[in-house]
Amino acid sequence: MNSRDRIPVRTVTPTREQAIRAAAESLIDAVAERALRTPREAAEAAWYPGHPLGSIEAIEAEIIRRRAAGTAA
């Protein structure tokens, strides 16, 4: 294929409303996916060196506490 055979590509820019809706849907999907994780899986995903809670076990305990209390974790 040479440059004359290429099909021009048209870039589509979403409207502000479409961009906001796509971002909201993405956030909803991420929250739902996170809720499906076990506390251990969520803690492993959240841990990083220097995390304020210090260890995966401490993060896991906090996630369990928050889920039992019905708050976001």
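Before reading further, recall that the structure is shown in the block above.
What you see is a predicted model; the values in this text were computed from it and never measured.

Student: Can you help me understand the pattern of salt bridges in this one?
Tutor: Working definition: two side chains of opposite charge can pair if their charged atoms are close together. Following the criterion strictly, the structure yields five salt bridges and no others. A salt bridge links R40 to E60; the nearest nitrogen and oxygen atoms lie 3.3 Å apart. Linking R40 in helix α2 (residues 39–46) with E60 in helix α3 (residues 56–69), this pair joins segments that are 20 residues apart in sequence. One connected set of salt bridges, linked through shared partners, spans R40, E44, E57 and E60.

Student: What is the right way to read the environment of R65 from this model?
Tutor: With respect to the helices and strands, the residue R65 is situated in helix α3. Residue classification places R65 among the partly exposed residues on the basis of a relative accessible area of 48%. Within the structure, R65 has its side chain in polar contact with the side chain of E62 (distance 2.6 Å).

Student: What exactly am I supposed to notice about the environment of I20 here?
Tutor: In this structure, I20 sits in helix α1 (residues 16–36). Separated by 27 residues in sequence, I20 and W47 have C-alpha atoms that sit 29 Å apart.

Student: It is not clear to me how the environment of I64 should be interpreted in this structure. Could you clarify?
Tutor: In this structure, I64 sits in helix α3. A relative accessible area of 44% places I64 in the partly exposed class.

Student: Explanation requested: α3 in the structure shown.
Tutor: The periodicity of an α-helix, 3.6 residues per turn, causes residues three or four places apart in sequence to face the same way. Given a rise of 1.5 Å per residue, 14 residues ought to cover 20 Å, and the 20 Å separating the end C-alpha atoms of α3 matches this to within 8%. What α3 keeps buried is the set I59, E60 and I63. Here the buried residues of α3 occupy an arc of 100 degrees about the axis, which is enough to place them on one side. Counted as exposed and oriented over 90 degrees from the buried face of α3: A68 and A69.

Reading the values: rules and limits
Residues numbered from 1 in each chain as written. Predicted model: local features only at pLDDT ≥ 70, side-chain atom pairs only at ≥ 80, totals over all residues. Heavy atoms only, no water. Salt bridge = Lys/Arg side-chain N within 4 Å of Asp/Glu carboxyl O. Helix = DSSP H or I, 4+ residues; strand = E, 2+ residues; numbered from the N terminus. Buried < 20%, exposed > 50% of the residue type's maximum accessible area, 1.4 Å probe, protein only. Polar contact = N/O pair within 3.5 Å; in protein donor to acceptor, adjacent residues only side chain to side chain. Expected span 1.5 Å × (residues − 1). Arc of directions from axis to C-beta.

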